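# Observations on the model geometry
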Amino acid sequence: FDNYFSRADLRSMYMFVNRKELNESYKANRKKESKEFYNSLNFLRYFYLIGPEQYHTIKIDNLEADDLVKPLFETIKVIGGNTSALMVTNDLDWTRYLSDSVDWLPRLNETPEDVRVLSNKMGFNVNEKSIIAYKALFGDPSDNIKGMVTLNNKNLEEFRELMNKCSFADDLISLARTVPNTQGKSILKAIHDDEKTYIINMQLVDTIACSKETLACSLTTGRNAVSLYSTIKKAIGLDGPEKFTFGNVRRTRIS
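Residues numbered from 1 in each chain as written. Predicted model: local features only at pLDDT ≥ 70, side-chain atom pairs only at ≥ 80, totals over all residues. Heavy atoms only, no water.

## Considerations on the nonpolar core
Met87, Leu137, Phe159, Leu172 and Tyr198 are the most contacted members of the largest nonpolar core, which totals 44 residues. A total of seven residues in this core trace back to one element, the largest contributor, which is helix H6 (residues 128–138). Leaving out residues up to four positions away in the same chain, Tyr198 has contacts with Ala133, Ala136, Leu137, Met148, Ala169, Leu172, Ile173 and Ile191. The next biggest cluster of nonpolar side chains, apart from the first, holds six residues, and it includes Ile60, Leu68, Cys210 and Leu215. (Core = buried A, V, L, I, M, F, W, Y, C linked by side-chain atoms within 4.5 Å. Buried < 20%, exposed > 50% of the residue type's maximum accessible area, 1.4 Å probe, protein only. Helix = DSSP H or I, 4+ residues; strand = E, 2+ residues; numbered from the N terminus. Contact = heavy atoms within 4.5 Å.)

This is the structure:
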């Protein structure tokens, strides 16, 4: 369960702007939903809290869902083990965790994509390093991150070459400082001319650290309240012959 204001607060730490103005700026980029929509999220969490033990939810104040993916994967042995996972999201930030054991589903009416498919689409190897650098350089309007260079074929080719020389996204700063002549190198010149913006953008794209221990304290498991769960399911039409829709998949629900 997400809290996008954590990125807004982080931006305020680095740019020293008025928090109210900053928050309004963030809200301006977000699609406005009705009060009922946001209330439904609370109901959805309640639905899983009273549901079977196989369902789990996590909510940590001041952190976004992005921040919880890595410690969750470490906890359930997707990272450092042999467990596989499917991330159901259209948030490019999450693709930094794609691997041979992790795929993602950005569109519910299509098939999942693996890391190789997305890498071919993006034009570079997708991993934690490249996604942070990519968004810090080319920007992301949905997160109110202004790009430093234009996304075109020339700059994408330079980006691909630079990623082969770097172990971490901030290695680009050292390269921009040490290359004698940045003429013709749009990315290195942009970083050389404005390190501060690149550093700020990296901080906005990067996740806020969350330990496995912190995550474990906030992870909830369905308490299997059978009667209450059954009553709720009937009330919202999940039990019975009614038809329901999930994405573009339609079928008749059989009780």
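From this point, the discussion proceeds with the structure in view.
## Notes on the pattern of salt bridges
This model, assessed by the stated rule, comprises 15 salt bridges. Here Glu110 and Arg107 are joined by a salt bridge, their closest N and O atoms 2.9 Å apart. By relative accessible area, which is 42% here, Glu110 ends up partly exposed. Residue Asp114 is joined to Arg116 by a salt bridge in which the shortest nitrogen-to-oxygen separation is 3.7 Å. The network of salt bridges with shared partners includes Asp93, Arg96, Lys135, Asp140 and Asp206. (Salt bridge = Lys/Arg side-chain N within 4 Å of Asp/Glu carboxyl O.)

## Some details on the confidence of the model for the chain
Looking at the chain as a whole, its pLDDT mean stands at 84, while 82% of the residues score no less than 70. In the model of the chain, helix H2 (residues 19–28) stands out as the element of lowest mean pLDDT, 45, in contrast to strand S3 (residues 102–104), which has the highest, 97. For the stretch residues 13–27, pLDDT sits under 50, and the model shows 26 contacts to residues farther than four places along the chain or on other chains. (pLDDT = per-residue confidence, 0-100.)

## Examining the state of the cysteines
In the structure shown here, the tally under the stated rule is zero disulfides. We note that Cys217 lacks a disulfide partner, and the nearest cysteine sulfur, in Cys210, lies 9.6 Å from it. Under the relative-accessibility criterion, Cys217 is labelled exposed at 72%. (Disulfide = S-S within 2.5 Å.)

## Comments concerning the packing of H6 against helix H7 (residues 153–163)
Closest axis-to-axis distance for the H6/H7 pair is 11 Å, and the angle between their directions is 145°. Once H6 is placed against H7, the crossing between them reads as right-handed. Across from Lys129, Ser130, Ala133, Tyr134, Leu137 and Phe138 in H6, the residues of H7 making contact are Asn155, Leu156, Phe159 and Met163. Looking at the contact of H6 with H7 residue by residue, the class counts come to seven nonpolar, two polar and one charged. (Axes fitted to C-alpha atoms, helices over the stretch in contact; angles between N-to-C directions. Left-handed = near helix turned anticlockwise from the far one by under 90°. Nonpolar A, V, L, I, M, F, W, Y, C, P; charged D, E, K, R; others polar.)

## Topic: the side chain of Asp93
Structurally, Asp93 can be placed in the loop between strand S2 (85–87) and S3. Excluding residues that lie within four positions of it along the chain, Asp93 makes contacts with Asp66, Ile131, Lys135, Asp143 and Val205.

## Looking at unusual backbone geometry
One non-glycine residue, Asn62, lies in positive phi territory at about 70°. Secondary-structure assignment places Asn62 in the loop between strand S1 (56–58) and helix H4 (65–75). Even without being glycine, Asn224 reaches a positive phi, approximately 55°. Here Asn224 falls in the partly exposed class, since its relative accessible area comes to 40%.

## Here's the deal with the packing of aromatic side chains
Considering all chains together, one arrives at nine aromatic pairs under this definition. The interplanar angle of 35° and the centroid separation of 5.1 Å between the aromatic rings of Phe124 and Tyr134 together place this pair among those described as tilted. In this pair, Phe124 is assigned in the loop between helix H5 (115–122) and H6 and Tyr134 in helix H6, connecting sequence segments ten residues apart. An identical accessibility class is assigned to Phe124 and Tyr134; each is buried. Where Tyr134 meets Phe159, the ring centres are 5.9 Å apart and the plane angle is 70°; that geometry is what we call edge-to-face. Here Phe159 lies in helix H7 and Tyr134 lies in helix H6, a separation of 25 residues in the sequence. Take Tyr134 and Phe159: they sit in the same class, and that class is buried. Three or more aromatic residues joined by ring pairs make a cluster, and in this case those are Phe47, Tyr48, Tyr55 and Tyr229. (Phe/Tyr/Trp six-rings, centres within 6.5 Å; stacked < 30°, edge-to-face > 60°.)

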